[in-house]
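# Summary of structural features
Next come the chains, spelled out residue by residue.
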Amino acid sequence: LLTVGRIDPQKNQLLAVEALEALLNQDRRWHLVLIGHVTDLAYGERLVETIRREGLEELVTLIEGLDAASSDLQDAYAAADVFLLPSMHEPFGIVILEAWAAGLPVVASRTGGVASFVREGIDGLMCTPGAVAGCVRLLSALHDSRAMKEVIGRNGYVKAHTHYDWDVITDRLLKLYGEVIDALIA
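Quantities reported herein were computed from a predicted structural model and do not represent experimental measurements.

### Describing the overall build of the chain
Helices and strands together make up the secondary structure of the chain, namely eight helices and six strands. Counting from the amino terminus, helix and strand elements in the chain follow one another as β-α-β-α-β-α-β-α-β-α-β-α-α-α. Here the C-alpha atoms of the chain give a radius of gyration of 18 Å, agreeing with the 16 Å that 2.2 N^0.38 yields for 186 residues. By principal-axis analysis of the C-alpha atoms, the chain measures approximately 65 × 40 × 30 Å. Counting only residues that meet the buried cut, the chain has 43% of its 186 residues in that class. At a minimum sequence separation of 6, the contacts of the chain that also span at least 24 residues come to 64%.

Here it is, written out as structure tokens:
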């Protein structure tokens, strides 16, 4: 289970730790990897203390920041089985595109821009922000259904490469600029 995002209350990594605790009651093979630069020191300390207090040090790996171009970050996506974005607020969620590009099924909070581009049950699963039980239910469903996990991961992969690839975005921008220029000339 992978979560990527700055260590900050808005990104809500504490929910991921709580979800891990519940998931471990069903299957002891879960492992959580949290990757992100610490932008809120008090929250980072609270996160580390919660992991320690719950005895999860061996089941949670906290990597305090990797650059977006880091091969280690790409390796983390490649090694994961599921991506979780438990944010309380998320304007867009570029990390979802990164997870999709790696072929990972995504579970994300239904918030902000995420709800505008993730198709529920097709290329991702969404839960209510802050709802641990809902998040656990969706992660368990993916864990229990290899077919669902593969379909959602594959659909996300296709979407990332057909709609969000830089060549596709560049073509769309060039077309838009051409339309604006044509409208100004006319």
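### Re the environment of Gly112
On the secondary structure map, Gly112 appears in the loop between strand S5 (106–109) and helix H5 (114–117). Exposure remark for Gly112: the relative accessible area of 46% places this residue in the partly exposed category. When sequence neighbours within four positions are dropped, the list of residues in contact with Gly112 reads Glu90 and Pro91.

Parameters at a glance
Residue positions within a chain follow its written sequence, with the count starting from 1. For a predicted model such as this one, the threshold for reporting local features is a pLDDT of at least 70, and the threshold for listing and counting side-chain atom pairs is 80 or more; totals across whole chains, interfaces and linings nevertheless cover every residue. Remark: hydrogens and water are excluded; side-chain values derive from all non-hydrogen atoms of the structure. A helix here means a DSSP run of H or I that spans at least four residues, while a strand means a run of E at least two residues long, and both kinds are numbered starting from the N terminus. Values of the radius of gyration come from C-alpha atoms, whereas the globule rule sets the reference at 2.2 Å times the count of residues to the power 0.38. Relative accessibility under 20% of the residue-type maximum defines a buried residue, over 50% an exposed one, and the middle range a partly exposed one, all with a 1.4 Å probe and only protein chains included. Residue contacts are defined here by distance: any two heavy atoms, one from each residue, within 4.5 Å place the two residues in contact.

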